Protein chains: 2
Amino acid sequence: VKHILIFGAGRSSWFLINYLINEAEKSNWKITIVERNKDNEILQSLKSNVLEIVYGDVSNPKEIEPLLVDKSAVVSLLPPSLHIIIAEMCIDKKAHFFTASYVNDEMQKLSERVEASNLLFLNELGLDPGIDHMSAMRVIDRVREEGGEFLGFESFCGGLVAPESDNNPWNYKITWSPRNVVVAGQGVVKFKQENQFKYIPYYRLFRRTERLVVPGLGEFEAYPNRDSLDYINPYNFASIPTIFRGTLRKPGFCRAWDCMVQLGLTDDSYIIEGSRNMTIRDFTNSFLFYHPTDSVELKTAFYLKLDRDSDEIMKLQWLGLFDSTPLNLEKDASPAQILQLIIEDKWKLEKTDKDMVVMLHLFDYMMNGVKKRIKSYMYVKGEDSIKTAMAKTVGLPLAIAVKLFLQGKIRSTGVLIPNFKEVYDPILDELETLGIVFTENEEKL
Amino acid sequence: VKHILIFGAGRSSWFLINYLINEAEKSNWKITIVERNKDNEILQSLKSNVLEIVYGDVSNPKEIEPLLVDKSAVVSLLPPSLHIIIAEMCIDKKAHFFTASYVNDEMQKLSERVEASNLLFLNELGLDPGIDHMSAMRVIDRVREEGGEFLGFESFCGGLVAPESDNNPWNYKITWSPRNVVVAGQGVVKFKQENQFKYIPYYRLFRRTERLVVPGLGEFEAYPNRDSLDYINPYNFASIPTIFRGTLRKPGFCRAWDCMVQLGLTDDSYIIEGSRNMTIRDFTNSFLFYHPTDSVELKTAFYLKLDRDSDEIMKLQWLGLFDSTPLNLEKDASPAQILQLIIEDKWKLEKTDKDMVVMLHLFDYMMNGVKKRIKSYMYVKGEDSIKTAMAKTVGLPLAIAVKLFLQGKIRSTGVLIPNFKEVYDPILDELETLGIVFTENEEKL
């Protein structure tokens, strides 16, 4: 009997787990979920006789290894750094492996061993990376088949709050890893425009935005997303003149977030002396010049060259950066750790809040001497703070991939990502039936 | 017979080598210098029958180890990362060791073994670190003996070009490691002011300057220098309300250098695609938004929110950042590597140029209920591009320390820095006779 082993039942697991339980019940498969936290809410709500729940920790291999024996597919929803531990065990126990995370160097290095064992390690099966690859490659392969030559590829994605639950001046709530929200963009940004390679340091990133409209949702701003050049090889774009990936926010978010970058609040490289006994106001003041009487508000506005009543200062004030609320830390922490606590509190997705995922691709290409642009976009809204659009778009493609594999519909082996038809076609088709639908427009340029 | 082994005869070695040869001739000591580069100019000019020159590479231990046998003192002028190799050999061969570099964690960890072997590893014997410790600790110890209690310690140092050789709009030429000029300030800056810990991210550093006057030399600006909190322990300043270290430049330098930071030119974390075939103008343009016709000059001024004829843009222009000069690289390089090539060329200290080293300490303290400030300052000018003030102030304290040690006047053991009287008193006294003189003023606050 086919048996799926799932590691982790965190923030983005609801749809994945429920989809696979449903399929398992139909097909007489079994599912085992391994989770560290015994108070996990999602697991407590599950009832199924195909399901077994094991509470255990991946860092204890003796406990974990026996679970991998005779498993048809292993799924990891754990933090990316833990995948490699499971991946090694999968090779050992001849189990196929599925994740929604980037293929890092460690994973890539397993490639030969995975192929030699006739295994499939399919990664980047979530939203971004995941649905972005699949939806883009479907259009790219089609245009290429029709004889088109690409001039530019721009792709945008954002995890946001749905308009109906949007009740704060940042137009933002946290729907994925709060730590990743804090450190987003750290490192250098690279892209290519009109055959020129372009580089942006972290501390200019949130001032290099562009505006764009998503039909039906209105205006967004996008800041460049990490190394767009990483997408040249998997998309076979060696000679494309323009390639750019961006992250979507509602207009005004980035210039206010940049204030926190400029102050130094997103730095995770050192610990602030005495921060456990600080107020949030003291924390903010740690980054401002000393003065015996000038207020933190005025020093902040002055330092950032902003009006005292600017949108940016109003946003910082709403976040509580000037409040005398004690941080109450157990021990001294880094700026990034402290900022995470602040935003987790203020940008919390409330139980009945709906989140929203937005994706937009722009494909510019030359076909029979005519320059054309295809705009392809998708958005999904969540139902509440557990059945989020984020959980849906990260979990469903992964779940569908596992199902297709167990049904014998995916036969490739190796360390792969879903950039090829055998995988993206059936997944995108099924996602459409589940409400994750791309709309396409084409225009002459 | 006493025998000194010196590694490296680079940029700051002239005074050290000549001082020690002179002492060796007087006292019948021997000197061996190990240098990698057979074309070394400084070595070619030396003649002495106490001197032996060996051309060899520290990365080849078989070649190097025999040289350490029966040496009374070993001096390393090599790049700091190489000290540890020599330090290990010194323990092995029971040789005492002297450097002008910071004690890093690796060196500190040798402490027990060094003490167990009754050896002295004396570090931080240059200018900064070096003369700064010695000159500050002499005042600090004296004030403490007299019953003073410290309220604040601020210390400033700069390696600059002397006014008579200052003929560029940056008022700056390179007198030490050009790579360190490029990456100066990277990492986070920490200090303490009126009992508040303060933190500045790299990308705001060069806009957080203060102005100060050095008597006889006029006005300077200072930007905060790395982690001033590192000086709390060695100076026994656990409860001092204010501690700050700064780097001196001529006014206007920092805000122009900040332009290069803001563009991203100082980043050493990645390689620019295709940079080997770029012009300097292309290089600058890599960091600016794409436009088919807008000029690099205008885009730069716009991006930095500067007037087209501002001092900052004039300084960038003088450096050649808008020139269509080919970079002519052997292979693609990082922004920092490319910027280094540009400034090495433009900020070169010419053969007859004189450099200048400036140091200034401010000690605030309470004595018998009265608040007082001691200002202690020093400056030295170089003679030419080899006999620089930098080489003098880095090399002489190290040379004097070695001499004093060989004369039996320093008897401490362990991994140490010159923050104690046995070392700083005789060195500072002798430096005075060599023209490195601190002037002190005291005032009530």
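Structure's up top.
Predicted model only: the values in this text are computed from it and were never measured.

J.: Can you break down the interface of chain A and chain B residue by residue, with the values?
T.: Each partner contributes to the interface: chain A provides 33 residues, whereas chain B provides 33 residues. Of the roughly 3000 Å² buried between chain A and chain B on both sides combined, carbon and sulfur atoms contribute 52%. Of all residues in chain A, Tyr199(A), Tyr203(A) and Tyr290(A) bury the most surface against chain B, accounting for 24% of the area lost on that side. Viewed at the interface, chain B and chain A are joined by zero salt bridges. Our enumeration of links across chain A and chain B arrives at 18 residue pairs in polar contact (both at pLDDT 80 or more). Elements represented by at least two residues in the side of chain A that touches chain B include exactly strand S8 (189–193), strand S9 (196–200), helix H9 (202–205), helix H10 (253–263) and helix H12 (296–303) of chain A. It is S9(A) that contributes the most residues to the side of chain A that touches chain B, five residues altogether.

J.: Describe the relation of the copies chain A and chain B, and please don't skip the residues or the numbers.
T.: After a rotation of 180° and a shift along the axis of 0.0 Å, chain A superposes on chain B with an RMSD of 0.0 Å. Taken together, these values place the two copies in the relation of a two-fold axis. Across chain A, the smallest distance between a C-alpha and the rotation axis is recorded for Tyr203(A), namely 3.4 Å. Of the interface residues in chain A, 97% have counterparts in chain B that sit at the interface too, so the contact is made through matching surfaces.

J.: Describe unusual backbone geometry, naming the residues involved and giving the relevant values.
T.: All names here are of chain A. Of note, the amide linkage connecting aspartate 128 to proline 129 takes the cis form, showing an omega dihedral of 20°. Tracing the sequence through the fold places proline 129 in the loop between strand S6 (120–122) and helix H7 (131–145). A positive phi angle is found at aspartate 70, which is not glycine, with a value near 60°. Relative to the helices and strands, aspartate 70 resides in the loop between helix H3 (61–64) and strand S4 (73–76).

J.: Which residues make up the environment of Leu205(A), and what are the values?
T.: All names here are of chain A. Residue position: leucine 205 is located in helix H9. For leucine 205, a relative accessible area of 0% gives the class buried. Between the C-alpha atoms of leucine 205 and valine 189, which are 16 residues apart in sequence, the distance is 7.7 Å. Apart from the residues lying within four places of it in its own chain, the contact partners of leucine 205 are Gly185, Val189, Ile200, Tyr223 and Pro224.

J.: Describe the environment of Ile240(A), naming the residues involved and giving the relevant values.
T.: Residues and elements named next belong to chain A. With respect to the helices and strands, the residue isoleucine 240 is situated in the loop between strand S11 (218–224) and strand S12 (242–249). What makes isoleucine 240 buried here is its relative accessible area of 3%. Not counting residues within four places of it along the chain, the set of residues in contact with isoleucine 240 comprises Phe150, Leu151, Gly152, Phe153, Lys192 and Asn195.

The rules we used
Residues numbered from 1 in each chain as written. Chains lettered and ligands numbered in written order. Predicted model: local features only at pLDDT ≥ 70, side-chain atom pairs only at ≥ 80, totals over all residues. Heavy atoms only, no water. Contact = heavy atoms within 4.5 Å. Buried area = accessible area lost by both parts, 1.4 Å probe. Salt bridge = Lys/Arg side-chain N within 4 Å of Asp/Glu carboxyl O. Polar contact = N/O pair within 3.5 Å; in protein donor to acceptor, adjacent residues only side chain to side chain. Helix = DSSP H or I, 4+ residues; strand = E, 2+ residues; numbered from the N terminus. Least-squares fit on C-alpha atoms with pLDDT ≥ 70 in both. Buried < 20%, exposed > 50% of the residue type's maximum accessible area, 1.4 Å probe, protein only.

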